[in-house]
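Here's the letter readout for the chains.
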Amino acid sequence: MTRYIHLNPLRAGIVKDMNGLRIYERCGHSAIISIIHRRWQDCETILGCVGKRRKRAIEKHEQFIEEGLNAGTRPDLVGGDLIWSQVLSIKRAGSKILSDERILGSSDFVKNAIRNAEENEKETLRLNSNISGLEILADQICYG
């Protein structure tokens, strides 16, 4: 999950490359690799997962984040649960969505995220176009 979160500024186009990510102040990655110091950010827990010696742990963490650039998207992190169903419901209702505060990124990034949600809707939300409405279903259950 750390890699997914730390790569968000890069995937959203806020920073252009790993060098930009290293110095981007609004991402925890810069603190974990000791570029920016934040007293409130616990970097030791993350670094402790990858090594005992701080310098080597930073190198391994940096490598782990960088490897995520070519990993593509994970199905379990695309779409998902209530948030995407809310986005899709709003869109189906005909509301004009120019942005969505739950999705961080540019307008193009948000549009792409919503498009991906629509493409994965059946798998993610397990919807079937043959599902009856609640009234029909209730009638079938109650009256056979």
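Here, the structure is the one placed above.
Reading the values: rules and limits
- Residues numbered from 1 in each chain as written.
- Predicted model: local features only at pLDDT ≥ 70, side-chain atom pairs only at ≥ 80, totals over all residues.
- Heavy atoms only, no water.
- Helix = DSSP H or I, 4+ residues; strand = E, 2+ residues; numbered from the N terminus.
- Buried < 20%, exposed > 50% of the residue type's maximum accessible area, 1.4 Å probe, protein only.
- Contact = heavy atoms within 4.5 Å.
- Areas by Shrake-Rupley, 256 points an atom, 1.4 Å probe, with all protein chains shown as cover.
- Core = buried A, V, L, I, M, F, W, Y, C linked by side-chain atoms within 4.5 Å.
- Lys, Arg positive; Asp, Glu negative; His and termini not counted.
- Salt bridge = Lys/Arg side-chain N within 4 Å of Asp/Glu carboxyl O.
- Polar contact = N/O pair within 3.5 Å; in protein donor to acceptor, adjacent residues only side chain to side chain.
- Axes fitted to C-alpha atoms, helices over the stretch in contact; angles between N-to-C directions.
- Parallel < 35°, antiparallel > 145°, perpendicular 65-115°, else oblique.
- Left-handed = near helix turned anticlockwise from the far one by under 90°.
- Nonpolar A, V, L, I, M, F, W, Y, C, P; charged D, E, K, R; others polar.
- Patch = residues over 30% accessible without salt bridge, like charges linked within 9 Å, V, L, I, M, F, W, Y side chains within 5 Å.
- Phe/Tyr/Trp six-rings, centres within 6.5 Å; stacked < 30°, edge-to-face > 60°.
- Lys NZ or Arg CZ within 6 Å of the ring centre and 35° of its normal.
- Expected span 1.5 Å × (residues − 1).
- Arc of directions from axis to C-beta.

(A) Geometry of the overall build of the chain. Helix and strand counts for the chain come out as 9 helices and 0 strands. Each of the 144 residues in the chain was classed as buried or not, and the buried ones make up 28%. Put simply, 43% of the contacts in the chain that link residues at least 6 apart link residues at least 24 apart. Counting every atom, the chain has about 10600 Å² of accessible surface; 52% of that belongs to carbon and sulfur.

(B) Structural detail: the nonpolar core. Counting residues in each nonpolar core, the largest one holds 8 residues, listed as Leu-7, Leu-10, Val-15, Met-18, Leu-21, Tyr-24, Cys-27 and Ile-65. Of all elements in the fold, only α1 (2–11) and α2 (18–23) reach the threshold of two or more residues within this core. In terms of nonpolar packing, the next biggest core, distinct from the first, is built from 7 residues, Ala-31, Ile-32, Ala-57 and Ile-58 among them.

(C) Structural view of the side chain of Arg-38. Mapped onto the elements, Arg-38 comes out in the loop between α3 (29–32) and α4 (44–50). No salt bridge is formed by the buried Arg-38; its nearest oppositely charged neighbour, Glu-25, is found at 6.6 Å. Among the polar contacts listed, one links the side chain of Arg-38 to the side chain of Gln-41, at a separation of 2.9 Å.

(D) Fine view of the packing of α1 against helix α5 (residues 54–67). The interhelical angle for the contact between α1 and α5, taken along N-to-C directions, is 70°, at an axis separation of 9 Å. When the axis of α1 is compared with that of α5, the two are roughly perpendicular. The way α1 lies across α5 gives a crossing that is right-handed. Taken together, the residues of α5 that come into contact with α1 (itself represented by Thr-2, Arg-3, His-6 and Leu-7) are His-61, Phe-64, Ile-65 and Glu-67. For the contact of α1 with α5, the residue count by class is 3 nonpolar, 3 polar and 2 charged.

(E) Inspection of a nonpolar patch on the surface at higher detail. On the surface, Leu-134, Leu-137 and Ile-141 cluster together to form a nonpolar patch covering roughly 350 Å² of accessible area. With respect to the helices and strands, Leu-137 occurs in helix α9 (residues 134–143). With a relative accessible area of 37%, Leu-137 lands in the partly exposed category.

(F) Highlighting unusual backbone geometry. Residue Ser-34 is not a glycine yet carries a positive backbone phi of 70°. Mapped onto the secondary structure, Ser-34 falls in the loop between α3 and α4.

(G) Quick peek at the packing of aromatic side chains. Inspection of the entire model under this criterion finds 0 aromatic pairs. Over the face of the ring belonging to Phe-64 we find Arg-3, whose NZ or CZ atom lies 4.0 Å from the ring centre.

(H) Layout of α5. Between the first and last C-alpha of α5 there are 20 Å, a value that for 14 residues agrees with the 20 Å anticipated at 1.5 Å per step. Within α5, the full set of buried residues consists of Ala-57, Ile-58, His-61, Glu-62 and Ile-65. Each buried residue of α5 lies within a common arc of 135° when the element is viewed along its axis, so the set occupies one face. In this structure, the buried side of α5 is in contact with α1, α2, α3 and α4.

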